[in-house]
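Read off the chains here:
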Amino acid sequence: MLLAFTVNTVVYFGFGNVYSSRILNMQNFQEQFQSGIYQYRILSGYLLVWIYEILSTLPIDFQVFKLKFFADNSDPKMFLSFYLLNTFFLCLSAALMMRMMETRNFLGTSTEKIFAVATVVFSIVITQFVIVPYDISSYFFLLLFAWIFFKYYHHQSSLFLGLSAVTLILSTFNRESAAISVAFAATLLWSKFGWRRKSILPIALLGFSFLGTYLAMRFLAHSFATNDGNLLAQNLSQPKNFLGILFWLVFFGFTLLVSKNLENRKNILIFHLLSLPYVAMCFYSGIMYEVRLYIPLFISGLLLAFINNIDDETQVNVER
């Protein structure tokens, strides 16, 4: 958590942000994030506005931060709101991932696990040249889902499956990348049970939890439009987007290289195959230069790289 706090603080206060400078005031933020696809990322948007309103009531001299902006209309309170929100969820994400990896559900030495979490922290931080309110909170919900689902994975308790579904619904209110959690769960269940009843029913429940929430928000708003339309041609023709695609390939390869065994590498490949709808939407309506789009896949892939595929009963026999 201290690493996450330190690195994120250095980046926010030590570097000037050009890419997201336009939204660093409340008016422009609301114009962008209350329309199109952004209006469905409800939870993080409310949290950011709530933090902004609290800062507005405090007797703070924002000049002490000596912030320098590229846009004249940038608001220090808005920038600090982004910083507080994203740093908070980054610290929580680091702590939660470390807590998970310390269990016997994951293979590797203490050093390997520490470096795995540190790699995630640095990867998240360096991709924040695009500042948004929902990315890092979405990583936290992804990890929270994984932590709860691991308990269901080992014990097949209806309680943990229900908690997984509730977490997935909250995650969907935050960002539609919650669909990745369904692919993550399907990968684990397939590796343990194959395509049997024990896999199909939980996947169906989780899929319905995501899709029902996703569709309900859009039906209520009477809109399924994205903000930028079809960007596939740009993603396959512009050099900056080639760099983004290279980032995806390098970080995908990294998860395969650090995998503990062949089974883990196979699970990473299956997970990416099941995540193809998300990948397709990134190419269609995202900007590949915004490499943050791969981070949810990278975090999930890194968990799969270290996961212990031996169930509890087999583990006991091995230890004996």
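Since we're looking at a predicted model, the values are computed, not measured. (Residues numbered from 1 in each chain as written. Predicted model: local features only at pLDDT ≥ 70, side-chain atom pairs only at ≥ 80, totals over all residues. Heavy atoms only, no water.)

**Examining the side chain of Ser20**
Here is the rule: For the purposes of this entry, the term helix denotes a DSSP run of H or I that reaches at least four residues, the term strand denotes a run of E that reaches at least two, and both are numbered from the N terminus. Buried, partly exposed and exposed residues are distinguished by accessible area as a fraction of the type maximum, computed with a 1.4 Å probe on protein chains only: under 20%, between the cut-offs, and over 50%, respectively. Throughout, a contact is declared for two residues whenever any of their heavy atoms are within 4.5 Å.
Looking at the element boundaries, Ser20 is found in the loop between helix 1 (2-14) and helix 2 (26-33). On the accessibility criterion, Ser20 (6% relative accessible area) is buried. With near-sequence residues (within four places) excluded, Ser20 lies in contact with Phe129, Val130 and Ile131.

**Focus: the packing of helix 1 against helix 5 (residues 110-126)**
Helix packing geometry: the angle between the two helix axes and the distance between the axes. Where we set the bar: Orientation is described by axes fitted as lines to C-alpha atoms, over the contacting stretch for helices, and by angles from 0 to 180 degrees between their N-to-C directions. Oblique is the label for any angle not under 35 degrees, not over 145, and not in the 65 to 115 range, which are roughly parallel, roughly antiparallel and roughly perpendicular in turn. For any pair of crossing helices, the crossing counts as left-handed if the nearer helix is rotated counterclockwise from the farther one by less than a right angle, and right-handed if it is rotated clockwise. Under the scheme applied here, ten amino acids are nonpolar (Ala, Val, Leu, Ile, Met, Phe, Trp, Tyr, Cys and Pro), four are charged (Asp, Glu, Lys and Arg), and all others, including Gly, are polar.
Axis separation between helix 1 and helix 5 bottoms out at 10 Å; the angle between their running directions is 20°. In this view, helix 1 runs roughly parallel relative to helix 5, as classed from their interaxial angle. The handedness of the crossing between helix 1 and helix 5 is right-handed. Packed against helix 1, whose contacting residues are Leu3, Ala4, Val7, Asn8 and Val11, the element helix 5 presents Ala118, Val121, Phe122 and Val125 at the interface. When the residues that make up the contact of helix 1 with helix 5 are grouped by side-chain class, the tally is eight nonpolar, one polar and no charged.

**Digging into the layout of surface pockets**
Put simply, the rule reads: Cavity means a closed set of points on a 1 Å grid over the protein atoms alone, one where a 1.4 Å probe fits but cannot get out, pocket means an open set with protein on both sides within 12 Å along at least 5 of 7 lines, and lining means a residue has an atom within 4 Å of a point. Grid points are joined across faces, edges and corners, and a volume is the space filled by probe spheres set on the points.
The calculated volume of the second largest pocket comes to roughly 200 Å³. If you go around the second largest pocket, the residues you meet are Phe29, Gln30, Phe33, Gln34, Tyr38, Gln39, Arg41, Ile42, Gly45, Tyr46 and Val49. Elements with a minimum of two residues in the lining of the second largest pocket: helix 2 and helix 3 (42-57). Here the lining of the second largest pocket gets four residues from one element, more than from any other, and that element is helix 3. In terms of residue class, the lining of the second largest pocket is built from six nonpolar, four polar and one charged.

**A look at the pattern of salt bridges**
The criterion, for reference: The salt bridge definition used is simple: a Lys or Arg side-chain nitrogen within 4 Å of an Asp or Glu carboxyl oxygen.
What the rule picks out here adds up to eight salt bridges. Residue Glu263 is joined to Lys266 by a salt bridge in which the shortest nitrogen-to-oxygen separation is 3.5 Å. Linking Glu263 with Lys266, this pair stays in helix 12 (residues 262-274), spanning three residues, or about one helical turn. Classification of Glu263 as partly exposed rests on a relative accessible area of 26%. Notably, a salt bridge pairs Arg292 with Glu290, separated by 2.9 Å at the nearest N-O pair. Within the structure, one salt-bridge network assembled from shared partners comprises Asp135, Arg175, Glu290 and Arg292.

**Topic: the nonpolar core**
Here is the rule: Residues grouped as a nonpolar core are buried Ala, Val, Leu, Ile, Met, Phe, Trp, Tyr and Cys residues, joined through side-chain atoms within 4.5 Å.
Of all hydrophobic cores here, the largest spans 95 residues; its most connected members are Phe82 and Phe149. Top contributing element to this core by residue count: helix 4 (residues 76-101), with 15 residues. Apart from residues lying up to four places away in sequence, Phe149 is in contact with Ser164, Ala185, Leu188, Leu189 and Leu206.

**Here's the deal with helix 12**
For clarity, the cut-off: Here the expected span of a helix is defined as 1.5 Å times the quantity of residues minus one. Counted as a polar contact is a pair of N or O atoms within 3.5 Å, where, for protein atoms, one must be capable of donating a hydrogen and the other of accepting one, and residues adjacent in sequence contribute only when both atoms are in side chains.
Its 13 residues give helix 12 an end-to-end C-alpha distance of 19 Å, which sits within 8% of 18 Å, the value for a rise of 1.5 Å per residue. Buried within helix 12 we find Asn264, Asn267, Ile268, Ile270, Phe271 and His272. Of the surrounding elements, those touching the buried residues of helix 12 are helix 8 (179-193), helix 11 (239-258), helix 13 (276-285) and helix 14 (295-306). The backbone nitrogen of Glu263 has a side-chain oxygen 3.1 Å away, supplied by the residue at the start of helix 12, namely Asn261.

**A look at the packing of aromatic side chains**
Which entries qualify depends on this criterion: Classification of ring pairs rests on two measures: the distance between centres of Phe, Tyr or Trp rings, Trp counted by its six-membered ring, which must be within 6.5 Å, and the angle between planes, read as stacked under 30 degrees, edge-to-face over 60 and tilted in between.
Within the structure shown, the criterion is met by 25 aromatic pairs. Both rings, one in Phe251 and one in Phe298, keep their centres 5.0 Å apart while their planes meet at 70°; by these two values the pair is edge-to-face. Here Phe251, found in helix 11, pairs with Phe298, found in helix 14; they are 47 residues apart in sequence, far enough to count as distant. As far as burial versus exposure is concerned, Phe251 and Phe298 are alike and both buried.

**Description of empty space enclosed by the protein**
To find the voids left in a structure, one rolls a probe of water-molecule size over its atoms. Per the stated rule, a full pass over the model turns up four cavities of 30 Å³ or more. Every residue along the wall of the largest cavity is listed here: Asn86, Ile124, Thr127, Gln128, Val130, Ile131, Val132, Asp135, Ile136, Tyr139 and Arg292. Among the elements that line the lining of the largest cavity, the one with the most residues is helix 6 (residues 135-155), at three residues. Looking at the lining of the largest cavity residue by residue, the class counts come to six nonpolar, three polar and two charged.

**A word on the packing of helix 12 against helix 14**
For the pair helix 12 and helix 14, interaxial distance at closest approach is 8 Å and the crossing angle is 155°. The angle between helix 12 and helix 14 places the two elements in the roughly antiparallel class. Every pair of crossing elements has a handedness; the one defined by helix 12 and helix 14 is right-handed. Contacts between helix 12 and helix 14 involve Asn264, Asn267, Ile268, Phe271 and His272 from the former and Leu297, Ser300, Gly301, Leu304, Ala305 and Phe306 from the latter.

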